[in-house]
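# Secondary and tertiary structure notes
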Amino acid sequence: MKLINKGIHHITAIVGDPQENVDFYTEVLGLRMVKKTVNFDAPETYHLYFGNEQGAPGTVITFFPWEDAKKGKIGSGQVGVTAYAVPEGTLQFWKERLAKFHVKAVVESRFGKKYVSFQDPHGLKIEITEEKSGDFSKWSIGGITEENAIKGFAGAMLYSREPQKTGDLLEKLFGFERIGEDQDLLRYKSTADLGSTIDLKKSPMDSGTRGVGTVHHIAFRTSDEQEQLAWKKLLEEKGYQVTEVRDRNYFKSIYFNEKGGILFEIATEGPGFDRDEPLKTMGSELKLPKQFESIREKIEKKLPSIEIKEPKNQH
Ligand code: ZN
């Protein structure tokens, strides 16, 4: 079996207040909350998923909103920046939209492309850039239409403790192509339509600490469980310590620490977010995996209520 990395599946980050998290990613960025569930390893806290209409792989950002957690520090051993792809010609729309919501943004350039760079309410570094590739999003909310909506990920920037080793993994094992170098960054690209670009910072920086406003892990796509097991075998042969397959309900996952200290996951494309609720109403109810249904009442009592508000500030 020829294993080819298909780019980013999802990115998971730690944030603070869940309502602030929901407001930013739905109202400001116009994503759909495709799943309201709990952290399977800590069921009294939320795990919230945002993506395009279906929550297709390559579009999904997920959050652990930990209200009382300490602020983290972005640095080596982490995904430093998450970049979103928008249709060509819409960067101005996004600059204006962020300004309307009082989000401070700056325009930066690298590899001949422009990036609108800003932070989410909890300090996560986000960028928006124009991309030709990737399907248009069908999710339309508060002034965002199919013509300008975020399509999904453009890519991510990795801050590695061992950039050389991280680069080798991307190139030699994952099959990304190294396509360029710009100042302190190396650029790698997979063949995926979305989430295909990984920028790797060449010089290590201070170590990051996990906490609010930092990325917890980055997941890459694999087609199915059979291919996932082939990845596990290959990675183990190369000396990586890979977890057992974990059932995340909407996909299956394996995890490993790459040599630069960043937590990587390889996740299957299916079964997808409509497996436990209809596509039309996805994200509106708290969904629990089977093992937690018996304690649903207790969980619901502990979780703060969150709502998707009607977009304001649009006139
Ligand atoms: Zn994950």
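Scroll up for the structure.
Residues numbered from 1 in each chain as written. Predicted model: local features only at pLDDT ≥ 70, side-chain atom pairs only at ≥ 80, totals over all residues. Heavy atoms only, no water.

### Quick notes on the pairing of strand 2 (residues 32-39)
Here strand 2 lies mainly inside the structure; 8 of its 8 residues are buried. As paired elements, strand 2 and strand 3 (residues 42-51) share 7 bridges and run antiparallel to each other. Paired with R32 across the strands is G51, a residue of strand 3. Linkage of strand 2 to strand 3, two consecutive antiparallel strands, is achieved through a turn of 2 residues. (Buried < 20%, exposed > 50% of the residue type's maximum accessible area, 1.4 Å probe, protein only. Helix = DSSP H or I, 4+ residues; strand = E, 2+ residues; numbered from the N terminus. Pairing = 2+ DSSP bridges.)

### Examining empty space enclosed by the protein
Counted by the stated rule, this structure contains 1 cavity of 30 Å³ or more. Estimated volume of the largest cavity: approximately 50 Å³. What lines the largest cavity is simply A83, R110, Y115, E131, A154, G155, A156, M157, R187, T197 and D199. Of all the elements in the fold, those that place two or more residues in the lining of the largest cavity are strand 9 (152-159) and strand 12 (197-201). Classifying every residue of the lining of the largest cavity by side-chain character gives 5 nonpolar, 2 polar and 4 charged. (1 Å grid on protein atoms, 1.4 Å probe; cavity = no way out; pocket = protein on both sides within 12 Å on 5 of 7 lines; lining within 4 Å. Points joined across faces, edges and corners; volume = space filled by probe spheres on them. Nonpolar A, V, L, I, M, F, W, Y, C, P; charged D, E, K, R; others polar.)

### Focus on the packing of aromatic side chains
This structure, assessed with the given rule, holds 21 aromatic pairs. Look at F64 and W66: their rings are 5.7 Å apart centre to centre, the planes differ by 10 degrees, and that puts the pair in the stacked class. Owing to a relative accessible area of 8%, F64 belongs among the buried residues under this scheme. Through successive ring pairs, a cluster of aromatic residues spans F174, F176, F220, W231, Y240, F256 and F264. Seen from the ring of Y115, R110 lies directly overhead, with NZ or CZ sitting 3.8 Å from the centre. (Phe/Tyr/Trp six-rings, centres within 6.5 Å; stacked < 30°, edge-to-face > 60°. Lys NZ or Arg CZ within 6 Å of the ring centre and 35° of its normal.)

### Observations regarding the side chain of Q78
Along the chain, Q78 turns up in strand 5 (residues 78-86). By relative accessible area, which is 6% here, Q78 ends up buried. There is a polar contact of 3.2 Å between the side chain of Q78 and the backbone oxygen of K73. A distance of 3.4 Å separates the side chain of Q78 from the backbone oxygen of T209, its partner in a polar contact. Beyond its immediate sequence surroundings of up to four residues, Q78 is in contact with K73, L158, Y159, G208, T209, R210, T214 and I262. (Polar contact = N/O pair within 3.5 Å; in protein donor to acceptor, adjacent residues only side chain to side chain. Contact = heavy atoms within 4.5 Å.)

### Quick word on the pairing of strand 1 (residues 8-15)
Among the 8 residues that make up strand 1, 8 are buried, leaving the element largely enclosed by the rest of the structure. Note that strand 1 and strand 13 (residues 214-222) share 6 bridges and pair antiparallel. Pairing of H10 across the sheet is with A219, part of strand 13. Strand direction decides the pairing type here: strand 1 and strand 4 (residues 60-65), joined by 6 bridges, are parallel. Bridged to V15 within strand 4 is P65.

### Let's talk about the coordination of the zinc ion
Within the first shell, the zinc ion binds the protein through H10 (NE2), H217 (NE2) and E265 (OE), at distances of 1.9 to 2.0 Å. Coordination of the zinc ion draws on donor residues from a single chain, spaced H-x206-H-x47-E in sequence. Taken as a pair, H10 in strand 1 and H217 in strand 13 lie far apart in primary sequence, 207 residues in all. You'll find H10 and H217 in the same group, each marked buried. (Donors = N, O, S within 2.8 Å, 3.2 Å for Na, K, Ca; no water.)

### Points about the sheet that holds strand 12
One open sheet holds the 8 strands; their spatial order is 6-7-8-5-9-12-11-10, and the pairing between them is mixed. The open sheet is flanked by strand 6 (105-110) and strand 10 (177-182), the only strands paired with a single partner. When the angles between neighbouring strand axes are averaged without regard to direction, this sheet yields 25 degrees. Of the strand pairs in this sheet, strand 7 (residues 113-119) and strand 8 (residues 125-130) are connected by 4 bridges, and their pairing is antiparallel. If you follow S117 over to strand 8, its bridge partner there is E127. (Axes fitted to C-alpha atoms, helices over the stretch in contact; angles between N-to-C directions.)

### Thoughts on the layout of surface pockets
To find leftover empty space, a probe the size of one water molecule is rolled over the atoms. The volume enclosed by the largest pocket comes to roughly 330 Å³. Lining the largest pocket are 18 residues, and of these E108, R110, E127, M157 and L185 lie nearest its centre. Looking at the lining of the largest pocket, the elements that each hand over two or more residues are strand 6, strand 7, strand 8 and strand 9. The greatest single-element share of the lining of the largest pocket, amounting to 4 residues, is contributed by strand 6. Taken together, the residues of the lining of the largest pocket sort by class into 8 nonpolar, 3 polar and 7 charged.

Note that all results are geometric; they support no functional claim without further evidence.
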